[in-house]
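# Structural features, examined
Spelled out, the chains give:
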Amino acid sequence: MINPHLIELNIKNNLSTCSFFDGVEYHSLLTSTSDRAKELAQSGAQQGTVVLAGTQTKGRGRLGRRFYSPEGNGVYMSIVLRPGEGQNDPGLITACGAVAVWEAIHQITGVKVDIKWVNDLYYRNKKLCGILAEGQFDSYGALSYVILGIGINMKRPEEGYAPEIDDKTIALSEINPGISVDYCSLCAKVIECFGRIYNELPNTGFLSVYRDYSCVLNQEITYEKEGVIHHAKAVAIDNKARLVVITAGGQEETLGSGEISLVRTVL
Ligand code: BTN
């Protein structure tokens, strides 16, 4: 039986010197950690407030998709952000999140996973982590807060993942079965890495990792724009973490968000 207070205490102890961190709530069950973080932000929670859950009944991903959150088998985390000058670009915040999780996994397991633009981490073409930034604007159009949601698969559930994603999903325990990753250490490392990278904005030095471990750069991709599927080659990631592509017609386009698919050639 998991004791929420022990989890909170363990994470606080791990982060005693982290200036970004402003407290953590662990719940065995929530609809979504991002719903709870939003409630906290609306009632004045500070930047660096973290919400964790053992499972989510309505975990959500981008484009209205569900994020499957099996009990006790993953990190389901949301962080309250109050972006200041130079930090209020949701695309860059998402990229900070991807690099923070990348670094945390690398520091704990030694494994270098792939970053799939814009917000997913993959290993051997299977999804390991998804990230979702949701912003709230005030009546003047300024960002009053952002909730950064991070979902990391730690262990494959005994019953498997949902049938439609089972063969496209991987968990940390499958990547390196010899290393058992501690839940609290992983949560704390993600928060610590994220806080450092985000606090350095508008310095975007972290994008070197985003580019170096991108599984999309120099690949043939497809993307959808205004209901039309376009074929292109991904050629660069700019300093706002946008993807620069050359379309099949030879045009350069810069994609700020959206879904891309890798075109895989079968030999
Ligand atoms: C995606 O894959 O499109 C993004 C997935 C984001 C999932 C995380 S889990 C914690 C937080 N709570 C949610 O409901 N979603 C995010």
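Residues numbered from 1 in each chain as written. Predicted model: local features only at pLDDT ≥ 70, side-chain atom pairs only at ≥ 80, totals over all residues. Heavy atoms only, no water.

### Quick look at the overall build of the protein chain
When its secondary structure is counted, the protein chain shows 6 helices and 12 strands. For the protein chain, whose C-alpha radius of gyration is 18 Å, the value lies close to the compact-globule estimate of 18 Å for 267 residues. Relative to its full complement of 267 residues, the protein chain shows a buried share of 51%. Approximately 13,000 Å² of the protein chain is accessible, and the part contributed by carbon and sulfur atoms is 48%. Considering the protein chain, the positive charge centre built from 25 side chains and the negative charge centre built from 30 side chains are found 2 Å apart. (Helix = DSSP H or I, 4+ residues; strand = E, 2+ residues; numbered from the N terminus. Rg over C-alpha atoms; globule rule 2.2 N^0.38 Å. Buried < 20%, exposed > 50% of the residue type's maximum accessible area, 1.4 Å probe, protein only. Areas by Shrake-Rupley, 256 points an atom, 1.4 Å probe, with all protein chains shown as cover. Lys, Arg positive; Asp, Glu negative; His and termini not counted. Charge placed at Lys NZ, Arg CZ, Asp CG, Glu CD.)

### Some words on the domain arrangement of the protein chain
As far as domains go, the protein chain holds domain 1 (4-212) and domain 2 (220-262). With 14 residues of domain 1 in contact, the opposing surface of domain 2 contributes 13 residues. Carbon and sulfur atoms supply 55% of the area buried between domain 1 and domain 2, which totals about 1,200 Å² over both sides. Interface area lost by domain 1 to domain 2 is led by Lys-116, Trp-117 and Arg-211, which between them contribute 53%. Here domain 1 and domain 2 share 2 salt bridges between them. (Domains from an automatic or database assignment. Contact = heavy atoms within 4.5 Å. Buried area = accessible area lost by both parts, 1.4 Å probe. Salt bridge = Lys/Arg side-chain N within 4 Å of Asp/Glu carboxyl O.)

### So, the site of the ligand
The environment of the ligand is made up of 19 residues, and the closest members are Ser-32, Gln-56, Arg-60, Arg-62 and Lys-127. Thr-33 has a polar side-chain atom sitting 3.2 Å from a nitrogen atom of the ligand. Contacts to the ligand include Arg-60, whose backbone N or O atom sits 2.8 Å from a nitrogen atom. Here the ligand loses 97% of its free accessible area of 410 Å² to cover by the protein chains. Put simply, the parts of the chain that give the shell around the ligand at least two residues each are helix H2 (33-42), strand E3 (74-81), strand E6 (126-137) and strand E7 (143-153). Tallying contributions element by element places E6 first for the shell around the ligand, with 4 residues. Tallied by class, residues from the shell around the ligand come to 5 nonpolar, 10 polar and 4 charged. (Near = heavy atom within 4 Å. Polar contact = N/O pair within 3.5 Å; in protein donor to acceptor, adjacent residues only side chain to side chain. Nonpolar A, V, L, I, M, F, W, Y, C, P; charged D, E, K, R; others polar.)

### Section: the sheet that holds strand E2 (residues 50-56)
Read across the sheet, 7 strands follow the order E1-E2-E3-E7-E6-E5-E4 without closing on themselves; strand pairing throughout is mixed. Edge strands, defined here as strands with exactly one partner in the open sheet, are strand E1 (24-30) and strand E4 (114-116). For this sheet, the mean inter-axis angle between neighbouring strands, taken without regard to orientation, is 20 degrees. One ladder, built from 9 bridges, connects E6 with E7; its direction is antiparallel. Within E7, the residue paired with Gly-135 across the bridge is Val-146. Docked against the sheet, H2 engages E1, E2, E3, E6 and E7, running at close to 155 degrees with respect to E7. Of the strands in this sheet, E1, E2, E3 and E7 are in contact with helix H5 (residues 183-199), which crosses E3 at around 30 degrees. (Pairing = 2+ DSSP bridges. Axes fitted to C-alpha atoms, helices over the stretch in contact; angles between N-to-C directions.)

### Things to note about the side chain of Glu-25
Mapped onto the elements of the fold, Glu-25 is located in strand E1. A polar side-chain atom of Glu-25 sits 2.7 Å from a polar atom in the side chain of His-27. Of the polar contacts made by the side chain of Glu-25, one reaches the side chain of Arg-36; its length is 2.9 Å. The contacts of Glu-25, once residues within four sequence positions are left out, are Glu-8, Arg-36, Leu-40, Val-50, Val-51 and Leu-52.

### Regarding the packing of aromatic side chains
For any pair of aromatic rings, the description rests on two quantities: the centre-to-centre distance and the angle between the ring planes. Per the stated rule, a full pass over the model turns up 7 aromatic pairs. Where Phe-20 meets Tyr-198, the ring centres are 6.0 Å apart and the plane angle is 70 degrees; that geometry is what we call edge-to-face. Of the two residues, Phe-20 is situated in the loop between helix H1 (4-14) and E1 and Tyr-198 in helix H5; the sequence distance between them amounts to 178 residues. Owing to a relative accessible area of 0%, Tyr-198 belongs among the buried residues under this scheme. Ring pairs connect the aromatic residues Phe-20, Phe-194 and Tyr-198, which therefore count as one cluster. (Phe/Tyr/Trp six-rings, centres within 6.5 Å; stacked < 30°, edge-to-face > 60°.)

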